[in-house]
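# Architecture at a glance
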Amino acid sequence: MTTAGSLLEAMRSQTAQRLADLRGDYRGFVEASKDTNADDEHDPEGATIAFERSQVGALVLQAEAHLAEIESAVARLDDGTYGVCAVCGRPIPAERLEVRPTATTCVTCAARC
Ligand SMILES: [Zn+2]
């Protein structure tokens, strides 16, 4: 369990850092699109910035969701329910947790969902 804890801790700081970077990028694109006429579809630069901004925005949401998964895994570790399948209540195999430390279900239940 200590291994899972340190693994999740490492993932959490990594993801938090990535999220901070992405948010920085996103703000940069928002600033950049203020300088160009992003509303004008015929402005190629504005369209590119708007596109990249939406791409980064999607990555921000992805990183936020990932961070939330990690944090709930840490919470489960704290209350002792980590590594127990949320569906059938059986222990999740260690190999699965190694590959996917945020897994909440065993392989069988995950396949059924
Ligand atoms: Zn299960």
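Above this note sits the structure.
Residue numbers run consecutively from 1 along every chain, following the written order of its sequence. With the structure being a predicted model, the display of local features is reserved for residues of pLDDT at least 70 and the display and counting of side-chain atom pairs for 80 or more, all residues being used for whole-chain, interface and lining totals. With hydrogens and water excluded, all non-hydrogen atoms of the structure serve as input to the side-chain values.

This part is about the environment of Gly 83. Numbering of helices and strands starts at the N terminus; helices are DSSP runs of H or I of at least 4 residues and strands are runs of E of at least 2. By the element assignment, Gly 83 lies in the loop between α2 (44-79) and α3 (94-99). On a C-alpha basis, the gap between Gly 83 and Ala 103 in space is 7.8 Å, while along the polypeptide they are 20 residues apart.

Turning our eyes to something else, we now look at the nonpolar core. Only buried residues count toward a nonpolar core, which is a set of Ala, Val, Leu, Ile, Met, Phe, Trp, Tyr and Cys residues joined through side-chain atoms within 4.5 Å. Throughout, exposure labels follow a simple rule: accessible area from a 1.4 Å probe, protein chains only, divided by the maximum for the residue type, with under 20% read as buried, over 50% as exposed, and the rest as partly exposed. Grouped together as the largest cluster of nonpolar side chains are 13 residues, with contacts concentrated most on Leu 8, Ile 70, Tyr 82, Cys 85 and Leu 97. Looking at this core, the elements that each hand over two or more residues are α1 (2-35) and α2. Throughout, a residue-residue contact means that at least one pair of heavy atoms, one from each residue, lies within 4.5 Å. Setting aside anything within four residues of it in sequence, one finds Cys 85 in contact with Arg 90, Ile 92, Thr 104, Thr 105, Cys 106 and Cys 109. By size, the runner-up hydrophobic cluster in this structure holds eight residues, among which are Val 56, Val 60, Ala 63 and Leu 67.

Any Lys or Arg side-chain nitrogen found within 4 Å of a carboxyl oxygen on Asp or Glu counts as a salt bridge. Taken as a whole and judged by the stated rule, the model has three salt bridges. Lys 34 is paired through a salt bridge with Glu 31; the nearest N and O atoms lie 3.2 Å apart. Of this pair, Lys 34 and Glu 31 both sit in helix α1, separated by three residues, roughly a single helical turn. Lys 34 gets classed as exposed once you look at its relative accessible area, which sits at 60%.

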